[in-house]
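# Descriptive structure summary
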Amino acid sequence: MIQRIQTLYLLLSGLLMASLFFIPLAQIETDTQEVFQFIYRGLTNAERETVTPTLALSILLTVATLVSFISIFMFKKRTLQIRLCGINLALLLGSTGMIYYLGSHLADETAVVNYSITTAFPIIALILTFLALRAIGKDIALLKSMDRIR
């Protein structure tokens, strides 16, 4: 059952979340023309030194990515797979909120925050995880209907 559509949804969700570890989330420009990059580890300066670490965001993104990949291989235990998808939905929603919260609070009042397209990746992963959750539910309903026929 690993070749089901929910596997594709969960794989794409995991890949989108994994890409956040390599691409900056936002660019913050201060009034003194300093440019900082907001990555998963925190705020970094031009020399790639971490100025302000964000450990909670790092943990949240790592756990959300791992749960996406782990839930792919739980295809024999569908109820556990549904629970993992539900947990992943909460993690993705939390990571989206934390990205925008930290992006606005790490910058000064005079700084300009330019969000990258990668800040939408958790939202897309959230949608894909929800679609996987629905597909798993449909599989469970199909198997229950097959058991009734026998």
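In case you missed it, the structure is sitting above this.
The paragraphs below set out a description of the structure included in this document. Keep in mind that what you see is a predicted model, and the values were worked out from it rather than measured.

## Notes on the overall build of the chain
When helices and strands are counted, the chain shows four helices and five strands. Counting helices and strands in the order they occur from the N terminus, the chain gives α-β-β-β-β-α-α-β-α. Its C-alpha radius of gyration of 19 Å places the chain more than 25% over the 15 Å reference for a compact globule of 150 residues. When its C-alpha atoms are laid out on the principal axes, the chain stretches across 75 × 20 × 20 Å. Pairs at least 24 residues apart make up 64% of the contacts formed inside the chain by residues separated by at least 6 positions.

## Focus: the packing of aromatic side chains
Applying the stated rule across the entire model yields two aromatic pairs. Aromatic side chains F21 and Y40 sit 4.9 Å apart centroid to centroid with 85° between the ring planes, which places their arrangement in the edge-to-face category. Here the residue F21 occupies a position in the loop between α1 (5–19) and β1 (26–29), and Y40 occupies one in the loop between β2 (35–39) and β3 (42–44), the gap between them amounting to 19 residues. Overall, F21 belongs to the partly exposed group, its relative accessible area being 23%.

## A look at the nonpolar core
In terms of nonpolar packing, the biggest core is built from 25 residues, with M17, L20, L25, I28, F38, L43 and L57 touching the most fellow members. Those elements giving two or more residues to this core turn out to be α1, β1, β2, α2 (55–72), α3 (78–105) and α4 (121–149). L10, C85, A132 and I136 belong to the second-largest nonpolar core, a separate cluster that totals six residues.

## Observations regarding the environment of S71
Tracing the backbone shows S71 in helix α2. Once the C-alpha coordinates of S71 and Q6 are considered, the two residues, 65 residues apart in sequence, prove to be 9.8 Å apart. Apart from residues lying up to four places away in sequence, S71 is in contact with L10, Q81 and L84.

## Points about the sheet that holds β3
Reading across the sheet, the five strands line up as β4-β3-β2-β1-β5 and stay open at both edges, with antiparallel pairing between neighbours. Unpaired on one side and paired on the other, β4 (50–53) and β5 (112–115) mark the two borders of the sheet. Neighbour-to-neighbour, the strand axes of the sheet open up by a mean angle of 20°, direction not taken into account. Pairing between β2 and β3: three bridges, direction antiparallel. Residue F38 lies in a different strand from β3, and its bridge partner there is L43. The sheet strands contacting α3 are β1, β2 and β5, and the helix crosses β5 at an angle near 150°.

## Concerning the pattern of salt bridges
Scanning the entire structure with this criterion turns up one salt bridge. Here D139 ties to R4 by a salt bridge, and the two come within 2.8 Å at their closest N and O atoms. Of this pair, D139 sits in helix α4 while R4 is found in the segment before α1, placing the two residues 135 residues apart along the sequence. According to the relative accessible area criterion, D139 is buried, its value standing at 6%. The exposure class of R4 is partly exposed, given its relative accessible area of 33%.

About the cut-offs
Position numbers for residues count from 1 along each chain, tracking the sequence in the order it is written. Residues qualify for local features only when their pLDDT is at least 70, as the model is predicted, and side-chain atom pairs are given and counted only at 80 or more; totals for whole chains, interfaces and linings, by contrast, use all residues. Note: side-chain values were computed over all heavy atoms of the structure, leaving out hydrogens and water. Going along the chain from the N terminus, every DSSP run of H or I of four or more residues is numbered as a helix, and every run of E of two or more is numbered as a strand. The reference for a compact globule is 2.2 Å times residues^0.38; the radius of gyration itself is calculated from the C-alpha atoms. In this description, contact between two residues means that some pair of their heavy atoms is separated by no more than 4.5 Å. Note on aromatic pairs: the rings of Phe, Tyr and Trp (six-membered ring only in Trp) are paired at centre separations within 6.5 Å, and the planes decide the class, stacked below 30 degrees, edge-to-face beyond 60, tilted for the rest. Residue exposure (1.4 Å probe, protein chains only): buried if accessible area is under 20% of the type maximum, exposed if over 50%, otherwise partly exposed. For our purposes a nonpolar core is just a set of buried Ala, Val, Leu, Ile, Met, Phe, Trp, Tyr and Cys residues, chained together by side-chain atoms within 4.5 Å. What makes two strands pair is DSSP finding at least two bridges between them. To get an axis, a line is fitted to the C-alpha atoms, and for a helix only the part in contact is used. The angle between two axes follows their N-to-C directions and goes from 0 to 180 degrees. Each salt bridge in this description consists of a side-chain nitrogen of Lys or Arg and a carboxyl oxygen of Asp or Glu lying within 4 Å of one another.

By themselves, these are just geometric observations and shouldn't be taken as functional.
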